[in-house]
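Chain and residue survey
For reference, the chains in residue letters:
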Amino acid sequence: MSSDIAIKVENLSKCYQIYDTPRDRLKQFVLPRFKRAVAPIKQLVIRHPSPVTAYYKEFWALRDVSFEVRRGETFGILGRNGSGKSTLLQMICGTLNPSYGNIQANGRIAALLELGSGFNPEFTGRENVFLNSALMGLTADEMHEKMDSVIEFSGLGDYIDQPIKTYSSGMHARLAFSSAIHVEPAILVIDEALSVGDAGFQLKCMLRMREMQEKGVTILFVSHDTGSIVRLCDQAIVLEQGRIVSQDRNPLKCVKMYEQLTRKVAMPELSVRNRSVAHAESYGDELQGIQETRLGSQEARYLRVEFLGDDNQARNVFNAGEEIQIKAVIESNRQFDKVVTGFTLKNRAGVDVWGDNSFFADINLGLNAGISELTYRFRLHVPAGEYFLYIGLADISGERTELDQRWPVRRLTVVSERQCLGFAFSPASIELIGGS
Ligand SMILES: Nc1ncnc2c1ncn2[C@@H]1O[C@H](COP(=O)(O)OP(=O)(O)OP(=O)(O)O)[C@@H](O)[C@H]1O
């Protein structure tokens, strides 16, 4: 493996044996052994012995997964529940054996896994940190040197000398992260474990992850937070039913695929009823090379989407803080008793800056067959910048079914002479008493 590769995974697969009943498990354990024992005798009397019966079903939690992560890269792993993320991480960390395939890793791996952080519940936090560090190859002197810093970062104070079994999940996460980063790993593996920490600690971890990225640590990062994947990762994959369904150096593409999977999407039927979809306006030119993803059954669909100012004129440049309307023309093939409609403004990095929908607003909406017009009115309290409008429409009369999702549909430019930081435009008035 070349030296600039930190992790190489080739055709990695994991098969679990699933038993319907404990009895089947016992049969599987006993009978093949018994058959093997009597086989020589059977062969003397039967020319074609019956094949060995299996009492389990095979379940492939991971199948033929291959990728390479370069040194210093942050590699994002997305996937719905049960798609194989933990299985993959556990095999990379060496706590689970693959059924077949190879993993090569260059350097010390520290893992921060939701399940199986390796802590012993009977030992105190301090004892566990020692134990963990010894397993990672640190000497006792090195560990003594780092202990104060581990305790300080974790913020556990005196709890460090309490047995881990008395810790809350948040305290557990604090200790796990703090202990993992202090062993100075070449590769840091992080899954959703961080999500149980409080917001302050999560921010501290994110800042530390940034520092580690700058120092060239390779990071494997599993998260359902697509914003963090876009912000932090150099490349990403999406797992679905144990296979890679998207892999890209532009994590935004993976996020789109993941968002598509997380919604129950019915793809458009190509029928005469849907022919007017072809006449729906597309705003590809203004999207600056970003390809619109359009999903849903299209039984009801957005034909036109406009931004309007207070003079009811369409435009797509607005002042921060100005009143804006988003007006959409919807065409429906039939009546829908209950729909939900919403929108999000995302920035160039794909991060949700602000959004709203009829469900949050507690409004019941239905659609009649034919044309309807939908309007959102709000003040644009977002700072100057480029934004992309994502809109959606779903039928929620029964089980939720997507009707039309347009990601993104339009681009909006917000301008302001007043600069500010962050995602909200709320300029402060500033007063200094006693100064000049
Ligand atoms: N020991 C096991 N025996 C049988 N099946 C298992 C075992 N461990 C995991 N699985 C199955 O393998 C699949 C992948 O599980 P895995 O925990 O890797 O998913 P995941 O993507 O990490 O999910 P989540 O987001 O819920 O943590 C799941 O269907 C799970 O039920």
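Please read all numbers here as calculations on a predicted model, not as lab measurements. (Residues numbered from 1 in each chain as written. Predicted model: local features only at pLDDT ≥ 70, side-chain atom pairs only at ≥ 80, totals over all residues. Heavy atoms only, no water.)

1. With respect to the packing of aromatic side chains
Overall, the coordinates contain eight aromatic pairs when judged by the stated rule. Between the aromatic rings of Phe-67 and Phe-75, the centroid separation amounts to 4.5 Å while the plane-to-plane angle is 20°, which identifies the pairing as stacked. Classification of Phe-67 by relative accessible area gives buried; the value is 4%. Taken together, a centroid distance of 5.6 Å and an interplanar angle of 70° make the contact between Phe-343 and Trp-354 edge-to-face. (Phe/Tyr/Trp six-rings, centres within 6.5 Å; stacked < 30°, edge-to-face > 60°. Buried < 20%, exposed > 50% of the residue type's maximum accessible area, 1.4 Å probe, protein only.)

2. Observations regarding the site of the ligand
Taken together, 13 residues form the shell around the ligand, and within it Gly-82, Gly-84, Lys-85, Ser-86 and Thr-87 come nearest. One of the backbone nitrogen or oxygen atoms of Gly-84 is found 3.0 Å away from an oxygen atom of the ligand. Notes on the ligand: free accessible area 640 Å², of which the protein chains cover 62%. Breaking the shell around the ligand down by element, the ones donating at least two residues are β1 (5-18), β2 (57-70) and α2 (85-93). Of the residues belonging to the shell around the ligand, the class tally is four nonpolar, seven polar and two charged. (Near = heavy atom within 4 Å. Polar contact = N/O pair within 3.5 Å; in protein donor to acceptor, adjacent residues only side chain to side chain. Areas by Shrake-Rupley, 256 points an atom, 1.4 Å probe, with all protein chains shown as cover. Helix = DSSP H or I, 4+ residues; strand = E, 2+ residues; numbered from the N terminus. Nonpolar A, V, L, I, M, F, W, Y, C, P; charged D, E, K, R; others polar.)

3. Considerations on the sheet that holds β1
Strand order in the open sheet formed by three strands is β2-β1-β4, and the pairing between neighbours is antiparallel. Pairing within the sheet leaves two strands with one partner each, and these edge strands are β2 and β4 (100-105). Neighbour-to-neighbour, the strand axes of the sheet open up by a mean angle of 20°, direction not taken into account. Running over the sheet, α2 touches β1, β2 and β4 and is turned about 120° from β1. (Pairing = 2+ DSSP bridges. Axes fitted to C-alpha atoms, helices over the stretch in contact; angles between N-to-C directions. Contact = heavy atoms within 4.5 Å.)

4. Considerations on the sheet that holds strand β13 (residues 323-332)
If you trace the three strands from one edge of the open sheet to the other, you get β11-β13-β17, paired in antiparallel fashion. The sheet terminates laterally at β11 (300-308) and β17 (370-379), the two strands that pair on one side only. Neighbour-to-neighbour, the strand axes of this sheet turn through a mean angle of 20°, independent of strand direction. Here β11 runs beside β13; their pairing, made up of eight bridges, is antiparallel. Looking at β13, one finds that Arg-304 is bridged to Val-329.

5. Section: the pairing of strand β9 (residues 243-248)
With five bridges connecting them, strand β8 (residues 235-240) and β9 associate as antiparallel partners. Residue pairing across strands places Ala-236 opposite Asp-248, the latter belonging to β9. What sits between β8 and β9 in their antiparallel hairpin is a turn of two residues, with Gln-241 showing a positive phi close to 50°.

6. Observations concerning the confidence of the model for the protein chain
For the protein chain, per-residue confidence averages 84 on the pLDDT scale, and 89% of positions sit at 70 or higher. Segment residues 264-278 is flagged for pLDDT under 50; beyond a separation of four residues in sequence, or across chains, it makes 32 contacts in the model. Predicted complex metrics record ipTM = 0.96 and pTM = 0.63. (pLDDT = per-residue confidence, 0-100.)

7. Some words on the pairing of strand β3 (residues 74-79)
Consecutive side chains of a regular strand alternate in pointing toward one face of the sheet and then the other. Within β3, six of the six residues are buried, which leaves it mostly tucked inside the rest of the structure. Examined bridge by bridge, β3 and strand β7 (residues 218-222) share four bridges and lie parallel to one another. Residue Ile-77 lies in a different strand from β7, and its bridge partner there is Val-222. The sheet contact formed by β3 and β8 spans five bridges and is parallel. Looking at the pairing, Gly-79 lines up with Leu-239 of β8.

8. Regarding helix α3 (residues 125-135)
Those residues of α3 that fall on the buried side of the exposure criterion are Gly-125, Asn-128, Val-129, Asn-132 and Ser-133. Considered in projection along α3, the buried side chains sweep an arc of 130° and stay on one side of the axis. Buried residues in α3 make contact with α4 (140-154) and α5 (169-182). Following α3 by one or two positions, Gly-137 adopts a phi angle in the positive range, close to 95°. (Arc of directions from axis to C-beta.)

9. Some remarks on a nonpolar patch on the surface
Together, Leu-26, Phe-29, Val-30 and Phe-34 line one region of the surface with nonpolar side chains, adding up to about 420 Å² of accessible area. Within the secondary structure, Leu-26 is located in helix α1 (residues 22-45). (Patch = residues over 30% accessible without salt bridge, like charges linked within 9 Å, V, L, I, M, F, W, Y side chains within 5 Å. Salt bridge = Lys/Arg side-chain N within 4 Å of Asp/Glu carboxyl O.)

10. What to know about the environment of Lys-165
Counting through the fold element by element, Lys-165 comes out in the loop between α4 and α5. With relative accessibility at 54%, the residue Lys-165 sits in the exposed group. Along the chain, Lys-165 and Gly-125 lie 40 residues apart, while their C-alpha atoms are 9.5 Å from each other. Ignoring any residue separated from it by four or fewer positions in sequence, one finds Lys-165 in contact with Pro-121 and Glu-122. Side chain to side chain, Lys-165 and Glu-122 meet in a polar contact 3.0 Å long.

11. Some remarks on α4
Over its 15 residues, α4 extends 20 Å from the first C-alpha to the last, a length consistent with the 21 Å expected when each residue adds 1.5 Å. Within α4, the axis deviates most sharply at Lys-146, by approximately 40°. Taken together, the buried positions of α4 are Met-143, Lys-146, Met-147, Val-150, Ile-151, Phe-153 and Ser-154. The positive-phi residue at the C-terminal boundary of α4 is Gly-155, with phi of around 70°. (Expected span 1.5 Å × (residues − 1). Bend = angle between axes of the 7 residues up to and from the residue.)

12. Examining the nonpolar core
Most often, soluble globular proteins have nonpolar side chains that are buried together. One finds Leu-175, Phe-177, Leu-188 and Phe-221 to be the most contacted residues of the largest nonpolar core, which totals 40 residues. In terms of residue count, α5 provides more of this core than any other element does, six residues in total. Ranked by size, the runner-up nonpolar core spans 31 residues in total, among them Ile-330, Tyr-376, Leu-380 and Val-414. (Core = buried A, V, L, I, M, F, W, Y, C linked by side-chain atoms within 4.5 Å.)

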